[in-house]
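Survey of secondary and tertiary structure
Spelled out, the chains give:
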Amino acid sequence: AVERTLSIIKPDAVAKNVVGQIIGRFEKAGLSVIAAKMVQLSQSDAEGFYAEHSARPFFKDLVSFMTSGPVVVQVLEGEGAVLKNRELMGATNPKEAEAGTIRADFAESIDANAVHGSDSTTSAAREVAYFFAETELCPRA
Ligand code: CMP
């Protein structure tokens with residue numbers, strides 16, 4: 001089925017100037033960008049987005065990293081977009097990510113791991129709505 005997923009290019013990847021290379025991988029895999037913006041997240045933006053992790057020991061570091069510089073937030077659309085994006089990203093910890101994945105190629109650590117992607121269609125719906133109004137989405141004809 002055609003799905004939508006939320007992708008965030010994190011501050012480490014923006015600082016490395018690899019935004020275009022990462023988006024190129026999505027496009028080569030058949031995903032289309034149907035919304036995008038560059039933003040510097042506030043503390044409350046990041047805390048709200050990652051609310052499900054608020055009890056985890058890494059939460060503080062996660063919020064501090066995600067607010068450390070601009071990010072590029074996008075909505076990707078395509079056949080099986082949620083799983084396809086997760087395959088392109090590789091494992092959360094870049095040290096465990098398969099060769100050729102975004103995290104293996106561009107990420108340094110479990111915090112500075114280059115990209116975020118929704119983990120299910122349910123999370124995707126919540127995450128897309130967190131960053132974009134319905135009128136900001138530009139689905140392909
Ligand atoms: P992300 O997909 O953005 O979702 C939550 C983030 O928390 C994750 O990527 C990692 O960057 C970060 N994180 C840090 N430590 C851990 C951990 N032990 N397990 C999962 N995520 C972690």
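The residue numbers shown here count from 1 along each chain, following its written sequence. The predicted nature of this model means local features are confined to residues of pLDDT at least 70 and side-chain atom pairs, given and counted, to a pLDDT of 80 or more, with totals for whole chains, interfaces and linings taken over all residues. Based on all heavy atoms of the structure, the side-chain values leave hydrogens and waters out of the count.

Digging into the UniProt feature "binding site: ATP" (unreviewed entry) in the protein
UniProt positions are given in the numbering used here, feature names are shortened, and annotations may be inferred rather than shown by experiment. The sites that UniProt annotates as "binding site: ATP" (unreviewed entry) are Lys10, Phe58, Arg86, Thr92, Arg103 and Asn113. Set against the largest pocket, the annotated residues that line it come down to Lys10, Phe58, Arg86, Thr92, Arg103 and Asn113. Along the chain, phenylalanine 58 falls in the loop between helix H3 (43-49) and helix H4 (59-66). Starting at the N terminus, helices and strands are each numbered in turn, a helix being any DSSP run of H or I of at least four residues and a strand any DSSP run of E of at least two. As for its position among the elements, asparagine 113 is in the loop between helix H6 (102-106) and strand S4 (115-117). Note on contacts: a residue pair qualifies if any of its non-hydrogen atoms lie within 4.5 Å across the two residues. Setting aside residues no more than four positions away along its own chain, asparagine 113 makes contact with Lys10, Asp12, Thr92, Pro94, Arg103 and Ala107. Site definitions follow a grid-based scheme: protein atoms alone, a 1 Å grid, a 1.4 Å probe that fits but cannot get out for cavities, and for pockets an open set with protein on both sides within 12 Å along at least five of seven lines, plus lining residues having an atom within 4 Å of a point.

Let's talk about the nonpolar core
Among the nonpolar cores identified, the biggest contains 21 residues, and Leu6, Ile8, Met66, Val75, Phe131 and Phe132 are the most heavily contacted of them. Where this core is concerned, the elements lending two or more residues are strand S1 (2-9), strand S2 (32-39), H3, H4, strand S3 (71-79) and helix H7 (121-131). With residues up to four places along the chain from it excluded, the contact list for isoleucine 8 reads Phe49, Met66, Val71, Val72, Val73, Gln74, Ala114, Val115, His116 and Phe131. Here, nonpolar core means buried Ala, Val, Leu, Ile, Met, Phe, Trp, Tyr and Cys residues that are tied together by side-chain atoms lying within 4.5 Å of each other. The buried label goes to any residue with under 20% of its type's maximum accessible area, the exposed label to any with over 50%, and the partly exposed label to all in between, with areas taken from a 1.4 Å probe on protein chains only.

Examining the layout of surface pockets
Put simply, the largest pocket is a space of about 440 Å³. Lining of the largest pocket is provided by 21 residues; of these, Lys10, Tyr50, His53, Thr92 and His116 occupy positions nearest its centre. Among the secondary structure elements, those contributing two or more residues to the lining of the largest pocket are helix H5 (81-89), S4 and H7. Its residues placed into classes, the lining of the largest pocket shows 7 nonpolar, 6 polar and 8 charged. Grid points are joined across faces, edges and corners, and a volume is the space filled by probe spheres set on the points. Here the term charged refers only to Asp, Glu, Lys and Arg, the term nonpolar to Ala, Val, Leu, Ile, Met, Phe, Trp, Tyr, Cys and Pro, and the term polar to all other amino acids, Gly among them.

Thoughts on the side chain of histidine 116
Tracing the sequence through the fold places histidine 116 in strand S4. Note on histidine 116: relative accessible area 13%, which makes it buried. Reaching out from histidine 116, the side chain makes a polar contact with the side chain of glutamate 127 at a distance of 3.0 Å. In this view, histidine 116 contacts Leu6, Ser7, Ile8, Lys10, Phe49, Tyr50, Asn85, Met89, Arg103 and Glu127; residues no more than four positions away in its chain are not counted. Whenever a nitrogen or oxygen atom comes within 3.5 Å of another N or O atom, the pair is scored as a polar contact, on the condition that within protein one atom can donate a hydrogen and the other can accept it, and that pairs from neighbouring residues in sequence are kept only if both atoms are in side chains.

Re the environment of arginine 4
Following the sequence through the fold, arginine 4 ends up in strand S1. Every residue in contact with arginine 4, bar those within four places of it in the chain, is listed here: Ile34, Val75, Leu76, Glu77, Ala81, Val82, Ala124, Glu134, Leu137 and Pro139. Looking at arginine 4, its side chain comes within polar contact range of the side chain of glutamate 77, at 3.0 Å.

Quick notes on the side chain of aspartate 12
For aspartate 12, the position within the fold is in helix H1 (residues 11-15). Despite its burial, aspartate 12 remains without a salt bridge, the nearest opposite charge being carried by lysine 16 at 5.6 Å. The residues contacting aspartate 12, other than those within four sequence positions of it, are Phe65, Phe106, Ala107, Ala112, Asn113 and Ala114. For the purpose of charge, His is not counted, nor are the chain termini; Lys and Arg are scored as positive and Asp and Glu as negative. Just to be clear on terms, a salt bridge is a Lys or Arg side-chain nitrogen sitting within 4 Å of an Asp or Glu carboxyl oxygen.

Quick look at the site of the ligand
Whether a residue is near a molecule or strand depends on its heavy atoms: it is near if one of them lies within 4 Å of it. The environment of the ligand is formed by Lys10, Tyr50, His53, Phe58, Leu62, Thr92, Arg103, Ile110, Asp111, Asn113 and His116. At a separation of 2.6 Å, an oxygen atom of the ligand approaches a polar side-chain atom of tyrosine 50. A distance of 3.0 Å separates an oxygen atom of the ligand from a polar atom in the side chain of histidine 116. Assignment to a cavity or pocket requires that more than half of a molecule's atoms be within 2 Å of the site's grid points. Given that more than half its atoms are within 2 Å of the pocket grid, the ligand belongs to the largest pocket. Classifying every residue of the shell around the ligand by side-chain character gives 4 nonpolar, 4 polar and 3 charged.

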